[in-house]
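# Structure assessment
Each chain, written out:
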Amino acid sequence: AGPIRVRLGLFAVNFGERPKPGEKPPRREGDPPERSVRTKEYQPVPTLDTDPGGFIALLHERLDEIRMELLYRQRTGGADDSETPQPQQQQSTDGDGNEGDADHTNSDQGTPAKADDAKDDQTAAKDDDGPRDVVDDLAAVVAHSMAIEAAGYGDDAAALLAHVVRISATEPLVCSLALNNLACLETRRRRPRIAVHHLERACDCEGGMAAAAPSTLLNLAAAYTSLSHFVEAAAVAHHALRQLGPEDRPAIRATAHHNLAVALEASHEY
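Reading the values: rules and limits
- Residues numbered from 1 in each chain as written.
- Predicted model: local features only at pLDDT ≥ 70, side-chain atom pairs only at ≥ 80, totals over all residues.
- Heavy atoms only, no water.
- Helix = DSSP H or I, 4+ residues; strand = E, 2+ residues; numbered from the N terminus.
- Contact = heavy atoms within 4.5 Å.
- Areas by Shrake-Rupley, 256 points an atom, 1.4 Å probe, with all protein chains shown as cover.
- Axes fitted to C-alpha atoms, helices over the stretch in contact; angles between N-to-C directions.
- Parallel < 35°, antiparallel > 145°, perpendicular 65-115°, else oblique.
- Left-handed = near helix turned anticlockwise from the far one by under 90°.
- Nonpolar A, V, L, I, M, F, W, Y, C, P; charged D, E, K, R; others polar.
- Expected span 1.5 Å × (residues − 1).
- Buried < 20%, exposed > 50% of the residue type's maximum accessible area, 1.4 Å probe, protein only.
- Salt bridge = Lys/Arg side-chain N within 4 Å of Asp/Glu carboxyl O.

### Here we look at the overall build of the protein chain
Each helix and strand counted, the protein chain has nine helices and two strands in total. Counted from the first residue to the last, the protein chain has its helices and strands arranged as β-β-α-α-α-α-α-α-α-α-α. Taking as baseline every contact in the protein chain between residues at least 6 positions apart, the subset at least 24 positions apart corresponds to 64%. Of the roughly 16100 Å² that the protein chain leaves accessible, carbon and sulfur atoms contribute 52%.

If you want it as structure tokens, here you go:
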């Protein structure tokens, strides 16, 4: 029925089953309430494949953290020039907004610069004594935005790139990279006027048209050609050629010659 309690002299002895090792003793009347132990469930990190919405939100959160860090560096004077990454530049597209290689020829439209050659336009400055900069994180978000667009989330990719542009005013190379990719995204959306606007801003980030990278200039020439602004396209492509040496990067040089030829031929036709 239960343990038998026997009083022997001044001591009370309980006869009954004792709890086994590892078991809790039976609760008695008057015992304090037990504390409920809540185990924290493991939350996996969202990825583009498993949780696209969570992954995109995570990137925006990281950009907000970078913005606060950059503001702090500006106020404390602790901004440093650490290594500028060599991220993937804009994807190659033809003048109609279709993806392709730099050696792809089109008799009616110009061809932007090849992505591999565009990497060489990014300059690097290294400071081993300073803290790790956030430039590589910004460039990583730009690369992720291209994957997000390829997965079918074009609006989210454009929002991420615009977010990078807003917070990277102190990092002109990253700002130019984001604007170039944003322009290519708008070109694929058949919005060449918006693409031209982004590319002109990218040229401003790089120090103006005279100092702009050849890859940016060739993207701008292709966008001008899409708008039938052939005179402007020819001038920009010719300027990109003048920035390249006779044997400097044959692939991008061939792209510049192609864009210039297309613009000159079309300008005479129209």
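### Quick word on the packing of helix H5 (residues 172-188) against helix H6 (residues 192-205)
At a minimum axis distance of 8 Å, the contact between H5 and H6 shows a crossing angle of 165°. For the element pair H5 / H6, the angle class is roughly antiparallel. Here H5 and H6 pass one another in a crossing that is left-handed. In this structure, H5 uses Pro172, Cys175, Ser176, Leu179, Asn180, Leu182, Ala183, Glu186 and Thr187 to contact H6, whose residues at the interface are Ile194, Ala195, His198, Leu199, Arg201, Ala202 and Cys205. Its residues assigned to classes, the contact of H5 with H6 comprises 10 nonpolar, four polar and two charged.

### A look at helix H7 (residues 214-226)
In this model, H7 (13 residues) spans 18 Å end to end at C-alpha, consistent with the 18 Å of a helix rising 1.5 Å per residue. Residues of H7 that are buried include every one of Pro214, Ser215, Thr216, Leu217, Leu218, Asn219, Leu220, Ala221, Ala222, Ala223, Tyr224 and Thr225, and no others. At the C-terminal side of H7, Ser228 shows a positive phi close to 65°.

### Notes on unusual backbone geometry
Note: most peptide bonds trans; most residues except glycine with negative phi. The backbone of Arg190 shows a phi angle near 65°, a positive value even though the residue is not glycine. Mapped onto the secondary structure, Arg190 falls in the loop between H5 and H6. Phi at Ser228 is positive, roughly 65°, even though this residue is not glycine. Mapped onto the fold, Ser228 is located in the loop between H7 and helix H8 (230-243).

### Some words on the pattern of salt bridges
Tallying each qualifying case throughout the model produces seven salt bridges. With a shortest N-O distance of 3.1 Å, Glu65 and Arg62 are connected by a salt bridge. In this pair, Glu65 and Arg62 both sit in helix H1 (residues 52-76), three residues apart, roughly one turn of the helix. The class of Glu65 is partly exposed, set by a relative accessible area of 47%. Here Arg62 falls in the partly exposed class, since its relative accessible area comes to 25%. As a salt-bridge pair, Glu186 and Arg189 come within 3.7 Å of each other at their nearest N and O atoms. Here the residues in one salt-bridge network are Asp155, Glu186, Arg189 and Arg191, joined through shared partners.

All quantities given are derived from atomic positions and should not be read as evidence of function.
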